[in-house]
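Here are the chains, one letter per residue:
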Amino acid sequence: MKEIIRLFKNYYFLDVCRLIRDMVFSKLLFPSAVRLIRQPAYIVGKKHISFGENFRLGPNLRLEVLDESFVRLEIHSKMGTPELIIGNNVSLNFNVHIGVIAKVQLGDNVLIASNVLIIDHNHGNYKGEVQDSPLLAPKDRKCIAEPIFIGDNTWLGENVSILPGTKIGEGCIVGANSVVSGVFEKNQIIAGVLQDL
């Protein structure tokens, strides 16, 4: 019995305190739709983010929606103002990073596991006949962006990377450790390193 009391005092009590802190923080900064943002969280460009109802996430979230006023890099995007659109009932686990300079849209009921990267831009152009030189430092290359769309009821597994221009239809499952680029129809299981050209 003493061991159980010790565990509660040392671990569970601290977890409950952290949860209460995170709930208060979430309601103060995101009063309307966000259910819970566990800390620490790094959110840049909040004015460009649209949160759906019941947005939940684990700690170490990194949301970066960057416009030209924030980044010193030259951005080549025909999208105009960058935006991150998060649908209803979206859940993100630990260490999710979403980087946006054009547009990323997550549909309703999207589930994202831990250590997932979703990024709509590259430092340089690597498609077509005119590509950037590997002799130029990556930080000096122009940022090239293509929008990303992830459909309703999609599940992204652990350690997934979603690259610029990817469109994933509704009801898809993306297997753990996959690197995905391209257009994928609805209700597919996507796994491995895939580029749909």
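Quick note: structure is the one above.
From a predicted model like this one, the values you see are computed outputs, not experimental measurements.

Visitor: I'd like a rundown of the overall build of the chain, residues and numbers included.
Guide: Secondary structure assignment for the chain yields 1 helix and 23 strands. Looking at the chain residue by residue over its 197 residues, the buried ones come to 40%. Element-wise, carbon and sulfur atoms account for 57% of the exposed surface of the chain, whose accessible area totals about 11400 Å².

Visitor: Residues and numbers for the sheet that holds strand 21 (residues 183-184), please.
Guide: Strand pairing within a sheet occurs via backbone hydrogen bonds; the two strands may be parallel or antiparallel. With parallel pairing, the 6 strands of this open sheet are ordered in space as 3-7-10-15-18-21. With one partner strand each, in any of the chains shown, strand 3 (49-51) and strand 21 form the two edges of the open sheet. Of the strand pairs in this sheet, strand 7 (residues 83-86) and strand 10 (residues 103-106) are connected by 4 bridges, and their pairing is parallel. When the bridges of strand 10 are listed, Ile85 appears paired with Gln105.

Visitor: How would you summarise the pattern of salt bridges if you had to cite specific residues and measurements?
Guide: All chains considered together, the criterion is met by 3 salt bridges. Two residues, Lys103 and Glu83, come together in a salt bridge whose shortest N-O distance is 3.9 Å. Separated by 20 residues along the polypeptide, Lys103 in strand 10 and Glu83 in strand 7 bring together distant segments of the chain. With a relative accessible area of 22%, Lys103 lands in the partly exposed category. Lys139 serves as the salt-bridge partner of Asp140, at 3.3 Å between the closest nitrogen and oxygen. Taking the relative accessible area as the measure of exposure, Asp140 reaches 47% and is therefore partly exposed.

Visitor: Can you explain the packing of aromatic side chains? Please cite residues and give values.
Guide: Enumeration according to the criterion identifies 1 aromatic pair in this entry. A ring pair is formed by Phe51 and Phe55, whose centres lie 5.2 Å apart and whose planes are at 40 degrees; its orientation type is tilted. Note on accessibility: Phe51 and Phe55 belong to one class, buried.

Visitor: An account of the nonpolar core is needed here, citing residue identities and associated values.
Guide: Grouped together as the largest cluster of nonpolar side chains are 31 residues, with contacts concentrated most on Ile98 and Ile118. Those elements that place two or more of their residues in this core are strand 3, strand 4 (55-57), strand 5 (61-65), strand 7, strand 9 (97-100), strand 10 and strand 15 (148-150). Broken down by element, this core gets its largest block of residues, 3 residues, from strand 5. Counting 6 residues, the second-largest nonpolar core is a separate cluster that includes Val44, Leu66, Ile101 and Cys143.

Conventions and cut-offs
Residues numbered from 1 in each chain as written. Predicted model: local features only at pLDDT ≥ 70, side-chain atom pairs only at ≥ 80, totals over all residues. Heavy atoms only, no water. Helix = DSSP H or I, 4+ residues; strand = E, 2+ residues; numbered from the N terminus. Buried < 20%, exposed > 50% of the residue type's maximum accessible area, 1.4 Å probe, protein only. Areas by Shrake-Rupley, 256 points an atom, 1.4 Å probe, with all protein chains shown as cover. Pairing = 2+ DSSP bridges. Salt bridge = Lys/Arg side-chain N within 4 Å of Asp/Glu carboxyl O. Phe/Tyr/Trp six-rings, centres within 6.5 Å; stacked < 30°, edge-to-face > 60°. Core = buried A, V, L, I, M, F, W, Y, C linked by side-chain atoms within 4.5 Å.

In short, the description is geometric, and any link to function would need to be established separately.
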